[in-house]
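Geometric and topological summary
Below, each chain spelled out in residue letters.
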Amino acid sequence: MRPLDREPAALAMRIGVVAAEAALATFARNLDLDDLEDGIDFQGAIGPAEWPVFSLVIDTLAEAGPGDRRTLDERRADALNDLARICMAAKNRAGAA
């Protein structure tokens, strides 16, 4: 029997948290918060090497559900907030362990 932290679901969650943390770090490194008023050109601001993970995370979090009338920019802004909450929750959980 595998230890619980080596179960496939636990490993997948850990990979997801790592991807979320990498995406948030990429955002923090590459985007100027003063430019947020004008909208964000994510692909123009994120380097090609970091784009695949960042894009995967943000696009997953910003996916429009049925009846969602928010614009892509609104969904991405909410996705960034969700991303920050995911990373903070993971950090708090790791600190409690």
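Okay, so let's go over this structure. (Residues numbered from 1 in each chain as written. Predicted model: local features only at pLDDT ≥ 70, side-chain atom pairs only at ≥ 80, totals over all residues. Heavy atoms only, no water.)

Concerning the side chain of Arg76
With respect to the secondary-structure elements, Arg76 resides in helix α4 (residues 72-96). Residues within four places of Arg76 in sequence aside, it is in contact with Phe42, Ile58, Asp59 and Ala62. (Helix = DSSP H or I, 4+ residues; strand = E, 2+ residues; numbered from the N terminus. Contact = heavy atoms within 4.5 Å.)

Things to note about the pattern of salt bridges
If you walk through the whole model with that rule in mind, you get four salt bridges. A salt bridge links Asp59 to Arg76; the shortest N-O distance between them is 3.8 Å. With Asp59 in helix α3 (residues 51-61) and Arg76 in helix α4, this pair connects stretches of sequence that are 17 residues apart. For Asp59, a relative accessible area of 39% corresponds to the partly exposed category. Taking the relative accessible area as the measure of exposure, Arg76 reaches 17% and is therefore buried. Residues joined in a network through salt bridges with shared partners are Asp68, Arg70 and Asp78. (Salt bridge = Lys/Arg side-chain N within 4 Å of Asp/Glu carboxyl O. Buried < 20%, exposed > 50% of the residue type's maximum accessible area, 1.4 Å probe, protein only.)

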